[in-house]
Amino acid sequence: MSTHDTEHKHDGQPGVDVVLHAYDDIQEYDNALPNWWLVTFYGAILFAAFYWFGYHVFKSMDLPPAAFVREMEELKAKEAKTAVPVTPEALVALSKDKAALAKGQEVFTTTCAPCHNANASGNIGPNLTDEFWINGGKPEQIHKTISEGVGAKGMPAWGPSLGADRTQAVSAFVLSLRNTNVAGGKAPQGTKE
Ligand code: HEC
């Protein structure tokens, strides 16, 4: 506001500047904008400029959807590198590896227990501790069932959501349960192996 727009108001509040466009007896004070407000204001303008040039003009950064895709691919590549190749021998070896079993059990408790019971004795899904298998009880068959699921029968495919590493760990854990015949298990399903 330039100075000739203001006048001194003398009734009651001496020295307070008010803007000269009173209407219906309402008058505005002519205060300077607070610094915190100005900093936020100019900061937002600066941020907008950096954002626009960075993301849209020079494209020196990935927009969030592209960054998400890139990060997922990096993660997949990293998991593929650390995962042991899926051979029956590797799975059997994993089923004797304490760290892998602990990891597998953790996945089992959080992901599989609702349908197979916490001790794998069976619930909606079959008992995994007996000698009977619907889809085969060989290491590679168990890994395949867990990884790809049995869609029509209500067993989800876990490979995509768990990733290669944890799918193998939980497969190794299931392998370690074979023929342990926990008490009070669900009645056998499938063929004896
Ligand atoms: C939504 C319920 C559900 C969840 C969760 C679930 N399963 Fe299953 N699972 C089933 C059903 C139902 C079957 C039986 C499929 C069939 O009849 O072929 C099954 C079958 C299996 C089999 C094959 C058994 C056989 O006799 O061939 C294995 C192994 C198995 N599940 C492991 C797992 C593991 C490991 C997890 C966790 C990562 C898991 N399941 C989570 C429902 C589930």
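Everything discussed here concerns the structure shown above.
Rules and cut-offs
Residues numbered from 1 in each chain as written. Predicted model: local features only at pLDDT ≥ 70, side-chain atom pairs only at ≥ 80, totals over all residues. Heavy atoms only, no water. Helix = DSSP H or I, 4+ residues; strand = E, 2+ residues; numbered from the N terminus. Buried < 20%, exposed > 50% of the residue type's maximum accessible area, 1.4 Å probe, protein only. Contact = heavy atoms within 4.5 Å. Areas by Shrake-Rupley, 256 points an atom, 1.4 Å probe, with all protein chains shown as cover. Core = buried A, V, L, I, M, F, W, Y, C linked by side-chain atoms within 4.5 Å. Near = heavy atom within 4 Å. Polar contact = N/O pair within 3.5 Å; in protein donor to acceptor, adjacent residues only side chain to side chain. Nonpolar A, V, L, I, M, F, W, Y, C, P; charged D, E, K, R; others polar.

> Provide a residue-level description of the overall build of the protein chain, including the pertinent values.
Within the protein chain, the regular secondary structure consists of six helices and four strands. Element order for the protein chain, N to C, with α for helix and β for strand: β-β-α-α-α-α-β-α-α-β. Here the protein chain holds 193 residues, and the buried ones make up 26% of them. Within the protein chain, contacts between residues at least 6 apart in sequence are counted, and of these 55% link residues at least 24 apart. For the protein chain, the accessible surface area stands at approximately 13,300 Å², while carbon and sulfur atoms represent 61% of it.

> If you had to explain the nonpolar core to someone new, which residues and values would you point to?
Membership of the largest hydrophobic core comes to 18 residues, with the highest contact counts inside it found for Phe 108, Leu 128, Ile 142, Ile 146, Val 170 and Val 174. Mapped by element, the contributors of at least two residues to this core are α4 (98-116), α5 (139-148) and α6 (159-177). Per element, the largest residue contribution to this core is six residues, and it comes from α6. Contact partners of Leu 128, with chain neighbours within four places excluded, come to Phe 108, His 116, Ala 120, Trp 133, Val 174, Leu 177 and Arg 178.

> Account for the site of the ligand, naming residues and giving values.
Close contacts around the ligand come from 20 residues, with Cys 112, Cys 115, His 116, Asn 135 and Met 155 the closest. Contact between the ligand and His 116: a nitrogen atom at 2.8 Å from a side-chain N or O atom of the residue. Between an oxygen atom of the ligand and a main-chain N or O atom of Asn 135, the distance comes to 2.8 Å. Taken together, the elements giving at least two residues each to the shell around the ligand come down to α4, α5 and α6. Considering each element in turn, the shell around the ligand owes the most residues, four residues, to α4. For the shell around the ligand, the per-class residue count stands at 13 nonpolar, six polar and one charged.

> Can you tell me about the environment of Gln 189, naming the residues and giving the values?
When you line up the elements, Gln 189 lands in the loop between α6 and β4 (191-192). Among the residues examined, Gln 189 registers a relative accessible area of 28% and is labelled partly exposed. With near-sequence residues (within four places) excluded, Gln 189 lies in contact with Pro 126, Asn 127, Asp 130, Phe 132, Trp 133 and Ile 134.

> Describe the side chain of Ser 121, and please don't skip the residues or the numbers.
Summarising the element assignment, Ser 121 is placed in the loop between α4 and β3 (132-133). When near neighbours in sequence (up to four residues on either side) are disregarded, Ser 121 contacts His 116, Asn 127, Val 182, Gly 185 and Lys 186.

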